Amino acid sequence: NEADDTANVYSGKIATLLNANCASSGCHNSLSREDGKDYSNYNSAKSAFDAEALCTIYQESGCDAMPRGRAKLSDDVIHDLTCWVKNGYPQ
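Please read these numbers as outputs of a predicted model, since none were measured by experiment.

Going through the model one piece at a time under the given rule, you end up with one disulfide. Through a disulfide, cysteine 55 is tied to cysteine 63; the S-S separation comes to 1.7 Å. Here cysteine 55 and cysteine 63 share a disulfide; its torsion about the S-S bond, 95°, makes the bridge right-handed. Cysteine 55 sits in the buried class, given a relative accessible area of 11%. On the basis of relative accessible area, cysteine 63 is assigned to the partly exposed category, the value being 23%. The thiol sulfur of cysteine 22 is not disulfide-bonded, and the nearest other cysteine sulfur, from cysteine 27, lies at 8.3 Å.

Here it is as structure tokens:
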């Protein structure tokens, strides 16, 4: 689980993680676009997933805890999404 983990690319783990946890109906998919964010494809996820998104999944003070109405994401999922952001959103 190093920050340079080659699986932490959108076409690797990240699309699966976003689709399972974020880009579902009524949330951040192409139809619902909750808060104007669509995580259902690479281009829209890259432009929408930002520091605020990290704040929400870490459930930090001052941020809306995500996923809404569900338990906090696992440490492994949060780690992988954080790596993806810090590595510049590799496709």
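So much for the structure itself; the text now carries on.
Before going further, it helps to spend a moment on the packing of helix α3 (residues 51-58) against helix α4 (residues 75-86). The contact between α3 and α4 brings their axes to 11 Å, and the two run at 170°. With respect to each other, α3 and α4 are oriented roughly antiparallel. As for how α3 packs across α4, the hand of that crossing is left-handed. Note on element contacts: α4 touches α3 through Ile78, Leu81, Thr82 and Val85, opposite Leu54, Ile57 and Tyr58. Each residue belonging to the contact of α3 with α4 can be placed in one class, and the counts come to six nonpolar, one polar and no charged.

What counts and what doesn't
Residues numbered from 1 in each chain as written. Predicted model: local features only at pLDDT ≥ 70, side-chain atom pairs only at ≥ 80, totals over all residues. Heavy atoms only, no water. Disulfide = S-S within 2.5 Å. Buried < 20%, exposed > 50% of the residue type's maximum accessible area, 1.4 Å probe, protein only. Axes fitted to C-alpha atoms, helices over the stretch in contact; angles between N-to-C directions. Helix = DSSP H or I, 4+ residues; strand = E, 2+ residues; numbered from the N terminus. Parallel < 35°, antiparallel > 145°, perpendicular 65-115°, else oblique. Left-handed = near helix turned anticlockwise from the far one by under 90°. Contact = heavy atoms within 4.5 Å. Nonpolar A, V, L, I, M, F, W, Y, C, P; charged D, E, K, R; others polar.

All we've got here are geometric facts, nothing functional implied.
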